[in-house]
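# Understanding the architecture of this molecule
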Amino acid sequence: MKLLYFDCPMGAAGDMLMSALLDLHPNPEEFIDKMNNMGLSGVTISREKAKSGGITGTHVKVLINGISEDVAETHHHHNHNASSVSAGHHHEHHHNHAHGHNHHEHRSLDDIDKIISRLKISEKVKNDASSVYRIIAEAESSVHGESVVDIHFHEVGRLDAIADIVGVCSLIEEINPDKIISSPICVGFGTVHAAHGILPVPAPATALILKGVPIYGGEVQGELCTPTGAALLKYFADGFDSMPPIKIQKIGCGIGTRQFAEAPNCVCATIGESGSVPHYISELCCNLDDMTPEDIGYAAQKLFDGGALDVFTTPIGMKKNRPGTLLSCLCKQSDREKILKLIFKHTSTIGVREYTCERYTLDRREETAVTKYGNISKKISSGYGVSKSKVEHDDIIKIADKLNISISEAKKLI
């Protein structure tokens, strides 16, 4: 099983995550060419070798209309690295206030979705990038008491930040790990000067994004984790823990531009083979005693539509000897808030319990066989020393209906 592990002892930002992943890529220059031709107007991306605290790695430089984004301010740790909506705010990319290339341009979530939709990237990367922005927008919405559609991004809505997010999503698609785990995230400590005054570290939106994620202050005063870095890790990571047993294949190091006395300023990404790597998911449960089976079925379908991994019910006995239903929903931890809202919206419950589960899965793929009865899809699963295959049941039904035979007879024909 291919495992990607992020080590974030000095926080995380979009540019550093992209740099670390690019350091893992077998053809980095080919990827840079692809990024420069994806259609993000005015943006030019290049890579360079960099060093911090004696460690050598990759630094990705983003140019907007030929101007470097790290001309004046050195790194996202320079108290300028969160979304300017939530924290004032802090610049994701070391901006020079003097060069003024439409510096105060603000974009809504819809504006960003339109920019992403026009890029020459896969549909998966478009969906992933838009989902990462939605995580940030929902946090900003909660902080400011505004609807998601009314939130406007400042720094994290700039073209360079869009390039970071799309770059990370594209690199993860190309590296294609089976599982992604991150270390607990160092966020720094103290306060940060922002447009709205002095704010605590982590910034309010960053803290909301990292809800449910293990974080710590560390020894560096200042803001170390940006909303973009937090949202990317929250979206992609299957869990946050120390590194599990892994046979290392390659290590990538993303270097920031600011130097610290305390430690090298970097994010490390390790790719390798790991045996039993758990996939951390949330199990959300509630007891229902006043809903009809039809209504529960409708709620379950809405949860599936919202991205639930599985939804199931169990008959239970409740107070006053009433028969009831235990509704259980499994979901990615990054989807927890969305699923919670759907449970409260479509059921009568006023409380939901959450359990964190370790889920082990076989590697899965699909194959299509061309037969005289039509195309037959087969699901193949392997791992842990076993291999299993199963024909898509709907395809068996089509054969049975076409030949007017039973399902068991149709299975024998495949």
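What counts and how
Residues numbered from 1 in each chain as written. Predicted model: local features only at pLDDT ≥ 70, side-chain atom pairs only at ≥ 80, totals over all residues. Heavy atoms only, no water. Pairing = 2+ DSSP bridges. Helix = DSSP H or I, 4+ residues; strand = E, 2+ residues; numbered from the N terminus. Core = buried A, V, L, I, M, F, W, Y, C linked by side-chain atoms within 4.5 Å. Buried < 20%, exposed > 50% of the residue type's maximum accessible area, 1.4 Å probe, protein only. Contact = heavy atoms within 4.5 Å. Salt bridge = Lys/Arg side-chain N within 4 Å of Asp/Glu carboxyl O. Patch = residues over 30% accessible without salt bridge, like charges linked within 9 Å, V, L, I, M, F, W, Y side chains within 5 Å. Areas by Shrake-Rupley, 256 points an atom, 1.4 Å probe, with all protein chains shown as cover. Axes fitted to C-alpha atoms, helices over the stretch in contact; angles between N-to-C directions. Parallel < 35°, antiparallel > 145°, perpendicular 65-115°, else oblique. Left-handed = near helix turned anticlockwise from the far one by under 90°.

Judged from the eight bridges that link them, strand E17 (residues 279-288) and strand E19 (residues 322-332) form a sheet pairing that is antiparallel. Looking across to E19, one finds that glutamate 283 is bridged to leucine 330. Examined bridge by bridge, strand E18 (residues 310-318) and E19 share nine bridges and lie antiparallel to one another. Note on E19: the bridge partner recorded for aspartate 310 is leucine 330. Adjacent in sequence and paired antiparallel, E18 and E19 are bridged by three residues, among which lysine 320 carries a positive phi angle near 60°.

Across soluble globular proteins, nonpolar side chains show a tendency to be buried alongside one another. Counting residues in hydrophobic clusters, the biggest one holds 64 residues, and the most contacted among them are Phe6, Leu21, Leu40, Tyr133 and Ile162. Considering every element that reaches this core, the biggest residue donor is helix H5 (residues 159-175), with eleven residues. Non-local contacts of phenylalanine 6, meaning those with residues more than four positions away in its chain, are made with Leu17, Leu21, Ile180, Ile181, Ser182, Ser183, Leu233, Val267, Cys268 and Ala269.

This part is about the pattern of salt bridges. Applying the stated criterion across every chain yields a total of 13 salt bridges. Put simply, aspartate 289 and arginine 322 hold a salt bridge, and the shortest N to O gap is 3.5 Å. Residue aspartate 289 is located in the loop between E17 and helix H8 (293-305), and its partner arginine 322 is located in strand E19; the two are separated by 33 residues in the primary sequence. A relative accessible area of 31% places aspartate 289 in the partly exposed class. Classification of arginine 322 as partly exposed rests on a relative accessible area of 36%.

There is a patch of nonpolar side chains on the surface, built from Tyr360, Tyr384 and Val386 and spanning about 300 Å² of accessible area. Take valine 386: its relative accessible area is 40%, and that puts it in the partly exposed class.

Contact pair H8 / helix H9 (residues 336-346): the axes reach a minimum separation of 10 Å and the direction vectors enclose 160°. The orientation of H8 with respect to H9, classified from their angle, is roughly antiparallel. Note on packing geometry: the crossing formed by H8 with H9 is right-handed. Only Ile339, Leu342, Ile343 and His346 of H9 make contact with H8, whose side of the interface consists of Tyr298, Ala299, Lys302 and Leu303.

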